[in-house]
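Observations on the three-dimensional arrangement
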Amino acid sequence: MAYIDFLSPIHKSTKRDYLGRVNEYPKAEAIKKAKLYDLDYWDGDRKFGYGGYKYDGRWQKVARAMADHYGLKAGDRILDVGCGKSFLLYYFTQAVPGIEVRGIDISRYAIQNAKEEVHPFLDEGSAASLPYKDNSFDLVISINALHNLYVFDLVKSLKEMERVGKKNKYVVVESYRNEEEKVNLMYWVLTGECFFTPDEWLWFYDLSEYKGDHSFIYFE
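Residues numbered from 1 in each chain as written. Predicted model: local features only at pLDDT ≥ 70, side-chain atom pairs only at ≥ 80, totals over all residues. Heavy atoms only, no water.

Regarding the packing of aromatic side chains
The description of two aromatic rings rests on the distance between their centres and on the angle between their planes. This model, assessed by the stated rule, comprises 19 aromatic pairs. For the pair Tyr18 and Trp188, a centre-to-centre distance of 5.9 Å together with 80 degrees between the ring planes defines the contact as edge-to-face. Placement of the pair is Tyr18 in helix H2 (residues 18-23) and Trp188 in helix H9 (residues 179-188), with a sequence separation of 170 residues. Feature note: the residues Phe196, Trp201, Trp203, Phe204, Tyr205 and Tyr210 constitute an aromatic cluster, connected by ring pairs. If you follow Arg21 out to its NZ or CZ, it ends over the ring of Trp188, 3.9 Å from the centre. (Phe/Tyr/Trp six-rings, centres within 6.5 Å; stacked < 30°, edge-to-face > 60°. Helix = DSSP H or I, 4+ residues; strand = E, 2+ residues; numbered from the N terminus. Lys NZ or Arg CZ within 6 Å of the ring centre and 35° of its normal.)

Structure follows, in structure tokens:
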């Protein structure tokens, strides 16, 4: 298991008003709306989620870096667990012409509003019960999704990623290293259920027998 950071440039490019997040609107009500994973979460006001998530190219460099690192080529199969509106999968098809992509997410809205080019390859479903055969993907990824699960489904999902992946896997989750980052994380995040330190995350990876690569997102 290696620590590989592909996402920090994207994450750090966004300025966040943590106090504003909890003061502008009742946080509990915002969480209720966000956890529907519907229009409000993806394309509504920023206080309910992404605030309108568009194909603006920010994931292009990430897809290219991951494709280079894992040596992806035409004919390889990649699965994105918790794919959302599938921006990253779309850019994988641009970075590696001929790659086969698959995505799964619990949000029907996200699947229905994904980019047309990848929409036929997306499934609505749970990370804890992937509808794919054993060893059927060359790379299995999950970006900023698994921390939204309860721990029993987290363990199941990690085991499922191991089951359907042939070799390479990569997981990114939110974490904290000190009290300031912990408070910022709890102020900002709307859909999270797993608020763990890096050591706790590694403990869950061992428990789940997850052997893939990983990295963390911190709210500094």
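Some remarks on the nonpolar core
Counting 38 residues, the largest nonpolar core has Leu7, Trp59, Leu88, Phe92, Ile141 and Tyr170 as its most contacted members. Contributing elements (two or more residues each) for this core: helix H5 (60-69), helix H6 (87-95), strand S4 (137-143), strand S5 (165-175) and H9. Among the elements that line this core, the one with the most residues is H6, at six residues. Each residue touching Phe92, except ones within four places of it in the same chain, is listed here: Ala63, Met66, Ala67, Leu72, Ile78, Ile99, Val101 and Ile141. Tyr132, Phe137, Leu154 and Val155 belong to the second largest nonpolar core, which has 24 residues in total. (Core = buried A, V, L, I, M, F, W, Y, C linked by side-chain atoms within 4.5 Å. Buried < 20%, exposed > 50% of the residue type's maximum accessible area, 1.4 Å probe, protein only. Contact = heavy atoms within 4.5 Å.)

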